[in-house]
Protein chains: 2
Amino acid sequence: MSLDIPDVVIQRLPQYLRSLRAFKNKDIALVSSTNLGAESGVTPAQIRKDLSYFGKFGKQGQGYNVEALTNDLTRILGLDQSWPVILLGVGRLGKAILTYPDFTPEGFYIVSAFDSDPVIVGTKVASITIKPVEQIKTYIRDNNIKIAILAVPGDSAVNLIDEIVQAGVKGILNYAPITPKVPENVQIQNIDPVHSLQTMTFHLSEINSNPNN
Amino acid sequence: MSLDIPDVVIQRLPQYLRSLRAFKNKDIALVSSTNLGAESGVTPAQIRKDLSYFGKFGKQGQGYNVEALTNDLTRILGLDQSWPVILLGVGRLGKAILTYPDFTPEGFYIVSAFDSDPVIVGTKVASITIKPVEQIKTYIRDNNIKIAILAVPGDSAVNLIDEIVQAGVKGILNYAPITPKVPENVQIQNIDPVHSLQTMTFHLSEINSNPNN
DNA sequence: CTGTGTGAATTTTTTCACAGCT
DNA sequence: AGCTGTGAAAAAATTCACACAG
């Protein structure tokens, strides 16, 4: 059906959702694509084109109803449900993720966390008791988990990905600094601060070697 | 000079660098664009095209020398120097970033960290003594800092960005869940796990509503 | 008038395909 | 024979510009 929607478009939708919230907070009930674009850092035409992939949401001459469009985008993104998520790896980073407060209001809740270190297993972080990594596959199957957050070192990550995909995970938020290979029908999103920094320095070096800022 | 290099190309270079390291670890000295592409998840043609923006690095009939290409890409990305970076915000997340071990080997080192909370200021995390936020601008200027990592709550982030940009920062790694507006010549990279998760659920919902996987 | 929705035009990015070097 | 570097072709994404609705 709607499988021909460009991925770049989908990537922008959460942004729009966030911008709409900013308008709602300012008690603005109606926005034009120009308003929304200014807030999102996107051209008005792009907003309209993006939305047009999913239907007609605006009123000509007026714009978009903030609340209605929020609801529509929430539904389109599948955020009208709360997604159970598991965390793999409860080291420094994993602990920070477990105590991260923003997942829940945004449609996600961490239901369980796993680690391979026997010292960590059994301890409690943010009211979640850490389970041994051996139980992952069973847990995923029994609880029909679709999303996993991966916060383990790079070398363990590759094998773990195979395992959890085999068990039924369809979306992975990966913090390991690797480029995982996953089947077509599995979504993967990488969080990679070093990569991000390294793409910045290219421009910064240019600036440095160029007198006129 | 080389200002007409597409940003998508630059975004891929750190990936190539990482793949090259994988080959080096396997003691492979020579790789073809096909090899490198398989490792990076990119087509061979794209690798060759990307590299062609910067010069000729391969030998026809053979491929690329792993070590030489590593050095070239390192230099191109401006990673043949180590970049001093400051951290703004030493809460849960900031602390995790301070103790993150991967920045240093990748060309970055955190030289100082700032916070607005008087309880946190003066304490020591990972051998860095947290400074009061009021000293940021002076510090940036005095030490010619070009890169900042922003790990403060969203509402404080907007103002802070203006301040540090004014003081001379040219690259920001932003962990706040906002879409910052910065001048053209300032690089910004957002780390936004919620946004990443929200783009995944679109596909996951489709899968769910679609019987054939 | 104002601002959406959308085909058409433009620009950007990717892929193709092959000449030429080793 | 093998693989790069690169113009040309194709595909994808963005922007334009305007008919039409409120």
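Reading the values: rules and limits
- Residues numbered from 1 in each chain as written.
- Chains lettered and ligands numbered in written order.
- Predicted model: local features only at pLDDT ≥ 70, side-chain atom pairs only at ≥ 80, totals over all residues.
- Heavy atoms only, no water.
- Core = buried A, V, L, I, M, F, W, Y, C linked by side-chain atoms within 4.5 Å.
- Buried < 20%, exposed > 50% of the residue type's maximum accessible area, 1.4 Å probe, protein only.
- Contact = heavy atoms within 4.5 Å.
- Near = heavy atom within 4 Å.
- Polar contact = N/O pair within 3.5 Å; in protein donor to acceptor, adjacent residues only side chain to side chain.
- Helix = DSSP H or I, 4+ residues; strand = E, 2+ residues; numbered from the N terminus.
- Nonpolar A, V, L, I, M, F, W, Y, C, P; charged D, E, K, R; others polar.
- Right-handed = clockwise from strand over helix to strand, strands pointing away.
- Pairing = 2+ DSSP bridges.
- Buried area = accessible area lost by both parts, 1.4 Å probe.
- Salt bridge = Lys/Arg side-chain N within 4 Å of Asp/Glu carboxyl O.
- 1 Å grid on protein atoms, 1.4 Å probe; cavity = no way out; pocket = protein on both sides within 12 Å on 5 of 7 lines; lining within 4 Å.
- Points joined across faces, edges and corners; volume = space filled by probe spheres on them.

J.: Could you give me a rundown of the nonpolar core, with the residues and numbers involved?
T.: Counting residues in each nonpolar core, the largest one holds 92 residues, and the members touching the most others are Leu73(A), Leu87(A), Leu98(A), Leu73(B), Leu87(B) and Leu98(B). In contact with Leu87(A), other than residues within four places in its own chain, are Gly94(A), Ile97(A), Leu98(A), Ile110(A), Ser112(A), Ala113(A), Phe114(A), Ile149(A) and Ala151(A).

J.: Tell me about the protein's contact with DNA strand D, residues and numbers included.
T.: Not every one of the 24 residues close to DNA strand D is listed here, only the nearest: Gln60(A), Ser33(B), Arg48(B), Gly58(B) and Tyr64(B). Contact between DNA strand D and Lys56(B): a phosphate oxygen at 3.5 Å from a side-chain N or O atom of the residue. For the surface near DNA strand D, the secondary-structure elements that each account for two or more residues are α1 (7–25) and α3 (44–52) of chain A together with α3 (44–52), β2 (58–59) and β3 (63–65) of chain B. Considering every element that reaches the surface near DNA strand D, the biggest residue donor is α3(A), with four residues.

J.: Explain the protein's contact with DNA strand C to me, and be specific about the residues and the numbers.
T.: Residues in contact with DNA strand C amount to 23 residues; listed here are only the nearest, Ser33(A), Arg48(A), Gly61(A), Tyr64(A) and Gln60(B). Of what DNA strand C places within 4 Å of the protein, 63% of the atoms are sugar or phosphate. Side-chain polar atom of Arg48(A) to a base nitrogen of DNA strand C: 2.7 Å apart, as the coordinates give it. Contacts to DNA strand C include Lys56(A), whose side-chain N or O atom sits 3.4 Å from a phosphate oxygen. Each residue belonging to the surface near DNA strand C can be placed in one class, and the counts come to four nonpolar, twelve polar and seven charged.

J.: Summarise the environment of Ala148(B); cite the residues concerned and give the values.
T.: Residue and element names in this part refer to chain B. Checked against the element boundaries, Ala148 lands in strand β9 (residues 147–150). Ala148 sits in the buried class, given a relative accessible area of 0%. In this structure, the C-alpha to C-alpha distance between Ala148 and Gly171, residues 23 residues apart in sequence, is 6.5 Å. Beyond its immediate stretch of four places on either side in the chain, Ala148 contacts Ile86, Ile164, Val169, Gly171, Ile172 and Leu173.

J.: Which residues make up the pairing of strand β10 (residues 171–174) of chain B, and what values go with them?
T.: Residues and elements named next belong to chain B. Judged by which residues are buried, β10 turns out to be covered on both faces: Gly171 and Leu173 on one side and Ile172 and Asn174 on the other are all buried. Note on the crossover from β9 through helix α7 (residues 154–167) to β10: the handedness is right-handed. Pairing geometry for β10 and strand β11 (residues 187–190), over four bridges, is parallel. Of the residues in β11, the one forming a bridge with Leu173 is Gln189.

J.: Please give an account of the interface of chain B and chain A that cites residues and values.
T.: The interface of chain B with chain A comprises 61 residues on the first partner and 61 residues on the second. Between chain B and chain A, roughly 5900 Å² of surface is buried when both sides are summed, and carbon and sulfur atoms account for 63% of that area. Contact with chain A buries area across many residues of chain B, yet Arg18(B), Gln198(B) and Phe202(B) alone supply 11% of it, more than any other trio. One can count two salt bridges joining chain B with chain A. The residue Asp192(B) makes a salt bridge to Arg18(A) at a minimum N-O spacing of 2.4 Å. Counting the contacts that link chain B with chain A gives 18 residue pairs in polar contact (both at pLDDT 80 or more). Mapped by element, the contributors of at least two residues to the side of chain B that touches chain A are α1 (7–25), α2 (33–40), α5 (92–98), β10, β11 and α8 (193–209) of chain B. Of the residues forming the side of chain B that touches chain A, the biggest block, 16 residues, is contributed by α8(B). Of the residues in the side of chain B that touches chain A, the class split is 29 nonpolar, 21 polar and eleven charged.

J.: Would you mind going over the layout of surface pockets in detail, with residue names and values included?
T.: A volume near 2000 Å³ is recorded for the largest pocket. In terms of lining residues, the largest pocket is bounded by 49 residues, among which Gln11(A), Gln189(A), Gln11(B), Gln189(B) and Asn190(B) are the most central. Mapped by element, the contributors of at least two residues to the lining of the largest pocket are α1, α2 (33–40), β11 (187–190) and α8 (193–208) of chain A together with α1, α2, β11 and α8 of chain B. Here the lining of the largest pocket is composed, by residue class, of 16 nonpolar, 21 polar and twelve charged.

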